[in-house]
Amino acid sequence: MEILAIKDLSFCYAGEDSPALSDVNITVSQGDFTVLAGATGSGKSTLLRLIKRELAPRGVTAGGINFCGAPVGALSDRDAAARIGYVAQSPEEQTVTDRVWHELAFGLECLGTPPALIRRRVAEVAAFFGIEDLFDRPTSALSGGEKQLLALASVMTMQPELLLLDEPTSRLDPIAARNFISAVRRLNRELGLTVIIAEHRLEDILPLATQVVILDGGKVADSGDARAVAARIPPSSPVADAMPAAVRLHRTLGSTLPCPLSVREGRRFITDNYGNSVRALPATDIAEKNEKKPCALEFSDVFFRYSREGADVLRGMSLRVPEGSITCLVGGNGAGKSTALAVAAGLCSHYAGKVRVFGEKKCPAGCVALLPQDVESLFLRDSVREELADAHCDPAALPFELDLPPGRHPYDLSGGQRQLLALAKVISHKPHLLLLDEPTKGLDVAAKRLLTDAIRRLAAGGMTVLAVTHDTEFAADIADRCALLFRGEVVSEDEPHRFFSDSAFYTTPAARMTRGYFDRAVTVGDVTRLCRMNDAATDRNGGGNA
């Protein structure tokens, strides 16, 4: 049964000439799990906001969106609010009360639901999501993963028929992200809830999809069954490198075997066809070289708390960041990673231990720059053009291409576009130490590649980079050294190949696919190299590969 029909939909933002969406046609059946994929600015968020009419942006719309056979504009205010649920990229944008239980009840209260029914709905939703222990806690005290789960639970108390999610895992650590996706999967499979989710992180999402829609430049570039779409994605597609690791490996090797989608299928693909003789990549001396470099930033047994009565957030943290290196700090939501950056930037004062920046307790102004997680806090003007002028930033002088609509308000940019604009403002001051808090959040593969290349060029030019990230593939690809922060303390650090090979959960999909089979393989490039080495060894021995 058809629940959503989008027919010949086009949309152009107010004051702009180029449409954000052009002739979009999508049909969603009841109970479908539809994944929207596409590059930053391809129209995913715009499409979701048009479906959720209360969030529809200003502009000119053509075509139609029908929900359960009627135009979304014809729905009553009550039906529009309750029957179509929406979870945003940032849970802070949806949290409106101070306590978890009140947040769960807020939507129902706005709908005028009887108190007895509110209590029942809130109780069963809290039990379903396993958040009873959070019930009386302040919403401000929740971790990022808990806030996002609360946002989802708050929407579900209204029992929507269609759930829209706009990059809901972009701010979550790998474990919290998988837990969140698992909750959405249960809603889809156990309750028959229809789901449309826009995501850049397709690793755990694509294997669940009943339908995949690829948007490119505001148009539907491809759609259909997940495995079929993944298998026929051309290398030139903006989402080719956003596919799960198993899909990327299959494409890179040019295999004619069925395309694997998940880590489990990818592992079977490797073990059945590769690994006859070569099982490990050669070791490198990256760690030894970094140990010999002077120190740009050093934490020595640092303690920090936000209030005298509060608990310690940093609990004896020690970390050494060599000059000219790229260090990535990973860990769960609430582990203290962002706090560590704030202390390094001098925004927060530790009460015990030592922090040294280039050997000094307090570095000169302009020496350190911080890109915060909430980049919106950096925007003070009404257009991209004004933001860049305010920062005295010349786009032509940036180490990456900044192709943004100059007249658009920063808040009307996609998440990835906002991130690039904020980064441009931060590095325009040419700091010696660059602190990045979730720099790849909201970025598509192409933008992340630009960012990665830019960071490498900055480091090659002598800039030191410390990045907090949940993106393990980004960390494995770019870092000279990785560290795991747990409960305010660095519990493990090493060069990326050893670090991620020894981890089971805070690791990359490639490492999970090859754990215990290939050693030191943590990126798709590593796995591809080992597979080809085994192919070559098989050919030399006169054998053949399946």
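Details of the structure are given in the entry above.
Visitor: Explain the overall build of the protein chain to me, and be specific about the residues and the numbers.
Guide: Broken down by element type, the protein chain carries 18 helices and 19 strands. In terms of overall size, the protein chain behaves like a compact globule, its C-alpha atoms giving a radius of gyration of 24 Å where 546 residues would be expected to give roughly 24 Å. Taken along the three principal axes of its C-alpha coordinates, the protein chain extends 70 × 65 × 50 Å. For the protein chain, the proportion of its 546 residues judged to be buried stands at 55%. In the protein chain, the share of contacts with a sequence separation of at least 24, taken over all contacts with a separation of at least 6, comes to 69%.

Visitor: A description of the pattern of salt bridges should follow, citing residues and the corresponding values.
Guide: Tallying each qualifying case throughout the model produces 24 salt bridges. Glu161 is paired through a salt bridge with Arg83; the nearest N and O atoms lie 2.6 Å apart. Residue Glu161 is found in the loop between helix H5 (144-156) and strand E7 (162-166), and its partner Arg83 is found in helix H2 (residues 77-83); the two are separated by 78 residues along the sequence. Residues participating in the shared-partner salt-bridge network are Asp79, Arg83 and Glu161.

Visitor: Hey, could you go over the sheet that holds strand E19 (residues 489-494) for me, with residue numbers and the actual values?
Guide: Strands sit in the order E15-E16-E17-E13-E18-E19 across an open sheet of six strands; the sheet is mixed. Either end of the sheet is taken by a strand with one partner, and the two such strands are strand E15 (368-371) and E19. Within this sheet the neighbouring strands show an average axis-to-axis angle of 20°, counted without direction. Note that strand E16 (residues 433-437) and strand E17 (residues 464-468) share five bridges and pair parallel. Note that in E17 the partner of Leu434 across the bridge is Val465. The sheet strands contacting helix H11 (residues 337-344) are strand E13 (326-330), E15, E16, E17 and strand E18 (481-486), and the helix crosses E16 at an angle near 155°. Lying on the sheet, helix H14 (residues 445-460) is in contact with E13, E16 and E17; it crosses E13 at an angle near 130°.

Visitor: Give a description of the nonpolar core that names residues and reports values.
Guide: Leu104, Phe129, Leu152, Leu163, Leu165 and Phe180 are the most contacted members of the largest nonpolar core, which totals 58 residues. The next biggest cluster of nonpolar side chains, apart from the first, holds 47 residues, and it includes Val375, Ala391, Ala447 and Leu484.

Visitor: Any details on the sheet that holds strand E8 (residues 194-198)? Residues and values, ideally.
Guide: Here we have six strands laid out as an open sheet, ordered E6-E7-E8-E3-E9-E10, and mixed in their pairing. Two strands in the sheet have a free side with no partner beyond their single neighbour: strand E6 (84-87) and strand E10 (219-224). Here the strands of the sheet are splayed against their neighbours by 15° on average, with no regard to which way each runs. On the sheet, helix H1 (residues 44-51) packs against strand E3 (33-38), E6, E7, E8 and strand E9 (211-216) and is oriented at approximately 150° with respect to E7.

Visitor: Tell me about the packing of aromatic side chains, and please be specific about residues and values.
Guide: Under the definition given, this model contains seven aromatic pairs. Taking the ring centre of Phe128 as reference, the NZ or CZ of Arg186 above it sits at 4.0 Å. Over the aromatic face of Tyr517 sits the side chain of Arg279, whose NZ or CZ is 4.0 Å from the ring centroid.

Visitor: Break down the pairing of E17 for me, citing the residues and quoting the values.
Guide: Within E17, five of the five residues are buried, which leaves the element mostly enclosed by the surrounding structure. Alternating residues of E17 divide into Thr464, Leu466 and Val468 and Val465 and Ala467, and every residue in both groups is buried. As judged from the four bridges shared by E13 and E17, these two strands associate in the parallel manner. Each bridged residue has a counterpart across the sheet, and for Cys328 the counterpart in E17 is Ala467.

Visitor: Can you lay out H14 for me, pointing to particular residues and giving the numbers?
Guide: Between its first and last C-alpha, H14 extends 22 Å over 16 residues, near the 22 Å set by a 1.5 Å rise per residue. Every buried residue of H14 is listed here: Val445, Ala447, Lys448, Leu451, Thr452, Ala454, Ile455, Leu458 and Ala459. The N-terminus of H14 is capped by Asp444, whose side-chain oxygen sits 3.3 Å from the backbone nitrogen of Ala446. Positive phi appears at Gly462, one or two residues downstream of H14, with a value of about 110°.

Visitor: Describe helix H8 (residues 245-253), and please don't skip the residues or the numbers.
Guide: Among the nine residues of H8, seven are classified as buried, and the element is accordingly described as predominantly covered. Within the sequence span of H8, burial applies to Ala245, Ala246, Val247, Arg248, Leu249, His250 and Leu253. Phi for Gly254, located one or two positions after H8, is positive at around 65°.

Visitor: Help me get a handle on the packing of helix H3 (residues 100-110) against H5, residues and values and all.
Guide: Contact geometry of H3 with H5 gives a least axis separation of 7 Å together with a crossing angle of 35°. By crossing handedness, the relation of H3 to H5 is classed as right-handed. Counted together, Val100, Glu103 and Leu104 of H3 and Leu150, Ala153 and Ser154 of H5 form the full contact between these two elements. Counted by class, the contact of H3 with H5 contains four nonpolar, one polar and one charged residues.

Visitor: Please set out the side chain of Thr97 residue by residue, giving values where relevant.
Guide: By the element assignment, Thr97 lies in the loop between E6 and H3. A distance of 2.7 Å separates polar atoms of two side chains, one belonging to Thr97 and the other to Glu103. The contact partners of Thr97, leaving out residues within four places of it in the chain, are His102, Glu103, Phe106 and Thr139.

Visitor: Give me the lowdown on the environment of Gly31, citing residues and values where you can.
Guide: By the secondary structure assignment, Gly31 is in the loop between strand E2 (21-29) and E3. What makes Gly31 partly exposed here is its relative accessible area of 26%. As for Gly31 and Leu193, which are separated by 162 residues in sequence, their C-alpha atoms are 5.4 Å apart. Setting aside anything within four residues of it in sequence, one finds Gly31 in contact with Asn188, Gly192, Leu193 and Thr194.

Visitor: How would you explain the environment of Asn66 if you had to name every residue and give the values?
Guide: As for its placement among the helices and strands, Asn66 is situated in strand E4 (residues 59-67). Sequence separation between Asn66 and Pro405 is 339 residues; the distance between their C-alpha atoms is 30 Å. Ignoring anything within four residues of it in the chain, the contact list for Asn66 reads Ile3, Leu4, Ala5 and Pro71.

Visitor: Give me the lowdown on unusual backbone geometry, citing residues and values where you can.
Guide: Although it is not a glycine, His392 adopts a positive phi angle of roughly 55°. Structurally, His392 is set in the loop between helix H12 (384-390) and helix H13 (415-427). Of note, Lys430 is a non-glycine position whose phi angle comes to about 55°, a positive value. One can find Lys430 in the loop between H13 and E16.

Here is what the cut-offs are and how they apply
- Residues numbered from 1 in each chain as written.
- Predicted model: local features only at pLDDT ≥ 70, side-chain atom pairs only at ≥ 80, totals over all residues.
- Heavy atoms only, no water.
- Helix = DSSP H or I, 4+ residues; strand = E, 2+ residues; numbered from the N terminus.
- Rg over C-alpha atoms; globule rule 2.2 N^0.38 Å.
- Buried < 20%, exposed > 50% of the residue type's maximum accessible area, 1.4 Å probe, protein only.
- Contact = heavy atoms within 4.5 Å.
- Salt bridge = Lys/Arg side-chain N within 4 Å of Asp/Glu carboxyl O.
- Pairing = 2+ DSSP bridges.
- Axes fitted to C-alpha atoms, helices over the stretch in contact; angles between N-to-C directions.
- Core = buried A, V, L, I, M, F, W, Y, C linked by side-chain atoms within 4.5 Å.
- Phe/Tyr/Trp six-rings, centres within 6.5 Å; stacked < 30°, edge-to-face > 60°.
- Lys NZ or Arg CZ within 6 Å of the ring centre and 35° of its normal.
- Expected span 1.5 Å × (residues − 1).
- Polar contact = N/O pair within 3.5 Å; in protein donor to acceptor, adjacent residues only side chain to side chain.
- Left-handed = near helix turned anticlockwise from the far one by under 90°.
- Nonpolar A, V, L, I, M, F, W, Y, C, P; charged D, E, K, R; others polar.

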